[in-house]
Amino acid sequence: MATSNHAEDRSEHLWVLLICAAVVLSSFVLDLSSDGSVGLRIPMMGASVSLPPICWSTRFLGVTCPGCGLTRSFVAVAHGEFVRAFHMNPMGPVLFFFACVQIPYRMIDYAGLLNGNHWWERVQQGFYPIVWAILGGLVATWMWRMI
């Protein structure tokens, strides 16, 4: 039974690692136009193809969600435009940094390099309050925008 739990933990670490790496890397590949739309850079052609807005809440309900503006905010952070990123979604820079931290953390945990290390166990326990604080920040930001 402990083997399957360990396998599930490794699988979770791998999925989070892959998702965070994809999000961070795509943030560097995408561009923000002056009107705030996100585009995909095509280096060979020297052009950018605009991507459609992806927020289903805005599209179908006409209401923003807590994650509205995160893609644009991540792209702005990746390009060093921190003020612009904050205006897109104030939690964007925080989440971008958290996604970047997840990459080495998940690699170390997936490989089991620090298993049994008491300091590492404390680091792992510290992630739970951080995740809840980030989720609370997303909801608080969303409520502030709705007012």
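Residues numbered from 1 in each chain as written. Predicted model: local features only at pLDDT ≥ 70, side-chain atom pairs only at ≥ 80, totals over all residues. Heavy atoms only, no water.

Enquirer: Whenever I open this one, a nonpolar patch on the surface confuses me. Can you help?
Expert: A cluster of nonpolar residues, Leu14, Trp15, Leu18, Ile19 and Val23, forms a patch on the protein surface that exposes about 470 Å² of accessible area. In this structure, leucine 18 sits in helix α1 (residues 2-29). (Patch = residues over 30% accessible without salt bridge, like charges linked within 9 Å, V, L, I, M, F, W, Y side chains within 5 Å. Areas by Shrake-Rupley, 256 points an atom, 1.4 Å probe, with all protein chains shown as cover. Salt bridge = Lys/Arg side-chain N within 4 Å of Asp/Glu carboxyl O. Helix = DSSP H or I, 4+ residues; strand = E, 2+ residues; numbered from the N terminus.)

Enquirer: Honestly, the environment of glycine 112 in this entry has me stumped. Any pointers?
Expert: Along the chain, glycine 112 falls in the loop between α5 (92-111) and α6 (118-146). Accessibility expressed as a relative area gives 26% for glycine 112, which makes it partly exposed. Between the alpha carbons of glycine 112 and leucine 14 there is a distance of 12 Å; along the sequence they are 98 residues apart. (Buried < 20%, exposed > 50% of the residue type's maximum accessible area, 1.4 Å probe, protein only.)

Enquirer: How should I be thinking about α6 in this particular structure?
Expert: An α-helix turns once per 3.6 residues; consequently, residues spaced three or four apart project the same way. Its 29 residues give α6 an end-to-end C-alpha distance of 43 Å, which sits within 8% of 42 Å, the value for a rise of 1.5 Å per residue. Where α6 is concerned, the buried positions are Trp120, Phe127, Ile134, Gly137, Leu138 and Thr141. Among the structural elements, α3 (70-78) and α5 are those in contact with the buried residues of α6. Its side-chain oxygen at 2.8 Å from the backbone nitrogen of tryptophan 119, asparagine 117 defines the N-terminal cap of α6. (Expected span 1.5 Å × (residues − 1). Contact = heavy atoms within 4.5 Å. Polar contact = N/O pair within 3.5 Å; in protein donor to acceptor, adjacent residues only side chain to side chain.)

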